[in-house]
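Residues per chain are reported as follows:
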Amino acid sequence: MTAAYAQPRAIGVRLGGDADFSYQHSLGEKNMLDVTAGFGWMGYYGANVSVMYDWVFDIQGGWKWYVGPGGGVGFGWGPVYKDNDLFPLRVNVGAQIGVEYQFKIPLNLSLDWRPMVNCLGFGHPGLNHIVSWGPGLGIRYRF
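Residues numbered from 1 in each chain as written. Predicted model: local features only at pLDDT ≥ 70, side-chain atom pairs only at ≥ 80, totals over all residues. Heavy atoms only, no water.

Novice: Which parts of the structure should I look at to understand the pairing of strand β6 (residues 89-102)?
Specialist: Successive side chains on a regular strand alternate, one facing one side of the sheet and the next facing the other. With 4 bridges joining them, β6 and strand β8 (residues 116-120) adopt antiparallel strand pairing. Following the sheet pairing, V93 is matched in β8 by V117. Across 6 bridges, the pairing between β6 and strand β7 (residues 107-113) is antiparallel. Bridging from a neighbouring strand, E100 pairs with S110 of β7. (Pairing = 2+ DSSP bridges. Helix = DSSP H or I, 4+ residues; strand = E, 2+ residues; numbered from the N terminus.)

As structure tokens, this is what we get:
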């Protein structure tokens, strides 16, 4: 399999367990930095920032797939966090794997999975406060 050229930059949204602003930036021919920042909206309240380093691979016909490590920080507020002895801060590490379609117009659609292990604080309620699964649908404008 040959590596693809990542788009120079893309901006848009990533929707999943959070509503995230998304920015992708090419780091050479085969790599990209994926930065998301957003707010929790599915059963808890919080804000987060994640940075993922992805290797991008060509499939064919506008399709690409990507994989890479990353991490993030976030904090929460509201009743979900009332029993947390720490400030409701969380620090996590994990990975991302996904598939993306690049239309002939400057538009990308992606579907990815972003499992994260919380090293400090806790994550999504109902997941033992240790692991966040993080599937997401991305819609981005390439430039």
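Back to the text.
Novice: Explanation requested: the pattern of salt bridges in the structure shown.
Specialist: Note that side chains of opposite charge can pair when their charged atoms are close. One pass over the structure, following the stated rule, counts 4 salt bridges. Where D20 meets R14, a salt bridge forms, and the shortest distance between an N and an O atom there is 3.9 Å. Using a relative accessible area of 6% as the deciding quantity, one classes R14 as buried. The salt bridge partner of D34 is R114, with a shortest N-O separation of 3.7 Å. Linking D34 in strand β3 (residues 31-40) with R114 in the loop between β7 and β8, this pair joins segments that are 80 residues apart in sequence. (Salt bridge = Lys/Arg side-chain N within 4 Å of Asp/Glu carboxyl O. Buried < 20%, exposed > 50% of the residue type's maximum accessible area, 1.4 Å probe, protein only.)

Novice: Where do I start with the confidence of the model for the protein chain in this structure?
Specialist: If pLDDT is low for a region, its predicted coordinates should not be looked at in detail. Residues of the protein chain with pLDDT of at least 70 account for 77%, and the chain-wide mean is 82. Confidence, read as mean pLDDT per element, is least for strand β9 (residues 131-132) in the protein chain (66) and greatest for β7 (96). Contacts for the low-pLDDT stretch residues 1-5, under 50 throughout, to residues beyond four places or in other chains number 17 contacts. (pLDDT = per-residue confidence, 0-100. Contact = heavy atoms within 4.5 Å.)

Novice: Hey, could you run me through the packing of aromatic side chains in this one?
Specialist: Centre distance and the angle of the planes are the two values used to describe a pair of aromatic rings. Throughout the structure, instances matching the rule amount to 5 aromatic pairs. Relative to Y101, the ring of W63 lies with its centre 5.0 Å away and its plane at 55 degrees, an arrangement referred to as tilted. Of the two residues, W63 is situated in strand β5 (residues 63-77) and Y101 in strand β6; the sequence distance between them amounts to 38 residues. Since its relative accessible area comes to 24%, Y101 is described here as partly exposed. A centroid spacing of 4.8 Å and a plane angle of 85 degrees characterise the contact between Y101 and F103, whose relative ring orientation is edge-to-face. Overall, the relative accessible area of 30% leaves F103 in the partly exposed class. Here a set of aromatic residues connected by ring pairs shows up, and it is made of W63, Y101 and F103. (Phe/Tyr/Trp six-rings, centres within 6.5 Å; stacked < 30°, edge-to-face > 60°.)

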